Amino acid sequence: MAIVTCRAPTLAPVLAPGARPTRRASVSASSASRSTGNSRIVSRGSRLRAAHLGGVGDDADMYDEDVDYSGNLCMFLDSASEEEWAKWLPSGIFAGVTTNPIILERDGRECNIAALTELAKEALAYDAVQEFQVQTWGKTSDEMWKNGIALAKYDPDVIVVKVPGTFEGIKAANALVTDGIRVTITAAYASHQAVLAAAVGANYVAPYLGRMNDAGRDGFGTIVEMQKTADKLDSDMRILVASVRNVGDIAKLAAAGCDTFTISAKVAEDMFGDPLTNQATLDFEESATRIGAYREAEEAQERARLEAKAAEAAAAAAAAAEAAAAAAAELEGGSKPDEDDARV
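Note that this is a predicted model, so its numbers are computed, not measured.

What about the pattern of salt bridges?
Inference 1: Tallied over the full model, the rule gives 10 salt bridges.
Inference 2: For Glu118, the salt bridge identified is with Lys121, shortest N-O distance 3.4 Å. Taken together, the positions of Glu118 and Lys121, both in helix H4 (residues 113–124) and 3 residues apart, correspond to about one turn of that helix.
Inference 3: A salt bridge links Glu131 to Arg182; the nearest nitrogen and oxygen atoms lie 2.8 Å apart. Within this pair, whereas Glu131 is found in strand S3 (residues 131–135), its partner Arg182 is found in strand S5 (residues 182–188), the two being separated by 51 residues in sequence. Each member of the pair, Glu131 as well as Arg182, carries the same accessibility label: buried.

Details of a nonpolar patch on the surface
Inference 1: Among the surface-exposed residues, Val247, Met271 and Phe272 lie close enough to one another that they form a single nonpolar patch of about 250 Å² accessible area.
Inference 2: Among the structural elements, Val247 can be located in helix H10 (residues 247–255).

Description of the sheet that holds strand S2 (residues 96–98)
Inference 1: Strand order in this closed barrel of 8 strands is S1-S2-S3-S4-S5-S6-S7-S8, and the pairing throughout is parallel. The mean angle between the axes of side-by-side strands here comes to 25°, regardless of whether they run parallel or antiparallel.
Inference 2: Inspection of the sheet shows strand S4 (residues 159–164) paired to S5 by 5 bridges, in the parallel sense. Within S5, the residue paired with Val163 across the bridge is Ile185.

What to know about the environment of Ala128
Inference 1: Tracing the sequence through the fold places Ala128 in the loop between H4 and S3.
Inference 2: With 35 residues separating them along the chain, Ala128 and Ile93 place their C-alpha atoms 8.6 Å apart.
Inference 3: Filtering out sequence-adjacent residues up to four positions away, Ala128 remains in contact with Leu89, Phe94, Ala95 and Gly96.

What to know about the environment of Gln130
Inference 1: One can find Gln130 in the loop between H4 and S3.
Inference 2: Distance in space between the C-alpha atoms of Gln130 and Ile159 is 8.9 Å, their sequence separation being 29 residues.

Notes on the side chain of Ser235
Inference 1: Relative to the helices and strands, Ser235 is located in the loop between helix H9 (219–232) and strand S7 (238–241).
Inference 2: Classification of Ser235 by relative accessible area gives buried; the value is 17%.
Inference 3: From its side chain, Ser235 meets the backbone nitrogen of Met237 in a polar contact 2.9 Å long.

Some points on the packing of helix H5 (residues 141–152) against helix H6 (residues 167–178)
In a pair of packed helices, the angle between the axes and the distance between the axes together describe the arrangement.
Inference 1: The geometry of H5 relative to H6 is characterised by a closest axis approach of 8 Å and an angle of 40° between their N-to-C directions. When the interaxial angle is binned, H5 and H6 end up oblique. Note that H5 runs across H6; the crossing there is right-handed. Seen from H5, the contacting residues are Ser141, Met144, Trp145, Gly148 and Ile149; seen from H6, they are Glu168, Gly169, Lys171, Ala172, Ala175 and Leu176.
Inference 2: Across the contact of H5 with H6, the residue classes tally to 6 nonpolar, 3 polar and 2 charged.

Concerning the side chain of Arg182
Inference 1: Take Arg182: its relative accessible area is 0%, and that puts it in the buried class.
Inference 2: At 2.8 Å, the side chain of Arg182 and the side chain of Glu131 are in polar contact.
Inference 3: Polar side-chain contacts of Arg182 include one of 3.5 Å to the backbone oxygen of Asp157.

So, how was this worked out
Residues numbered from 1 in each chain as written. Predicted model: local features only at pLDDT ≥ 70, side-chain atom pairs only at ≥ 80, totals over all residues. Heavy atoms only, no water. Salt bridge = Lys/Arg side-chain N within 4 Å of Asp/Glu carboxyl O. Helix = DSSP H or I, 4+ residues; strand = E, 2+ residues; numbered from the N terminus. Buried < 20%, exposed > 50% of the residue type's maximum accessible area, 1.4 Å probe, protein only. Patch = residues over 30% accessible without salt bridge, like charges linked within 9 Å, V, L, I, M, F, W, Y side chains within 5 Å. Areas by Shrake-Rupley, 256 points an atom, 1.4 Å probe, with all protein chains shown as cover. Pairing = 2+ DSSP bridges. Axes fitted to C-alpha atoms, helices over the stretch in contact; angles between N-to-C directions. Contact = heavy atoms within 4.5 Å. Polar contact = N/O pair within 3.5 Å; in protein donor to acceptor, adjacent residues only side chain to side chain. Parallel < 35°, antiparallel > 145°, perpendicular 65-115°, else oblique. Left-handed = near helix turned anticlockwise from the far one by under 90°. Nonpolar A, V, L, I, M, F, W, Y, C, P; charged D, E, K, R; others polar.

Written as structure tokens, this is what we have:
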């Protein structure tokens, strides 16, 4: 039985310098049945169900038909903050981490190969992190390619190099893909940039929703068009929606077929901030408390308290008895006559 995986781009093969990567065979044009390829990202639901495989008895049959309830959805945490990682990465909703030089500067990180390699190690130490995205830099395609190679060196299977969608950036991306490096074309503001990204075999293209809207463009429409383009091209490339400002945009874009998002810790916090949900949770807890949900634990706690009190009393009594015995012995020793006195 095959485990259903979250649709992710395939790892580009390592080819001879100058060779073009072979395009993968065409699969279904429907976004609902995209190929999983050699996925680096495996959905959380599949990981949990995989733990049950190999069971025996009647219960084993229930896993014959595996269903991935999370579908193609993949979410990334857009942060380089250790504090934010510690809070959000164990939550189960994120498959990886994305960064860029602006985020690094904001979170007090350095931008050089050694520092970013250590940052990748820190991020990948979390069980939840299946990918780490880091941005290359340089004024020419050669500089961006060289830095990208160095950034991915630690683990090319899980490190994705982000490259801006400029002419020099696209040339660098093509060279990186040819060398077997996984790539995101970042800072995309127009739907045709998804075509450029697909043309060079990029694994992701990252449109900036909030910044497009700030510039007076139709961010939502542009991103939906990018997703349709990837679907029509039958491409494994993901549309990685970035610069997300509110949770409503995530829901609307997901309903329109977008399945990959990178969000800040603030937006992640907002996803759990619905007051009606929070109030309902309090109501559930109050009812559960009234009808005995915590009674057994409270009784056990009371028993432990009484036992501790009894043990404390017993220890005090034993100490008092020991002190009394010592005093009696001392008194008895003081009243006993001296041998010299007895001979007089």
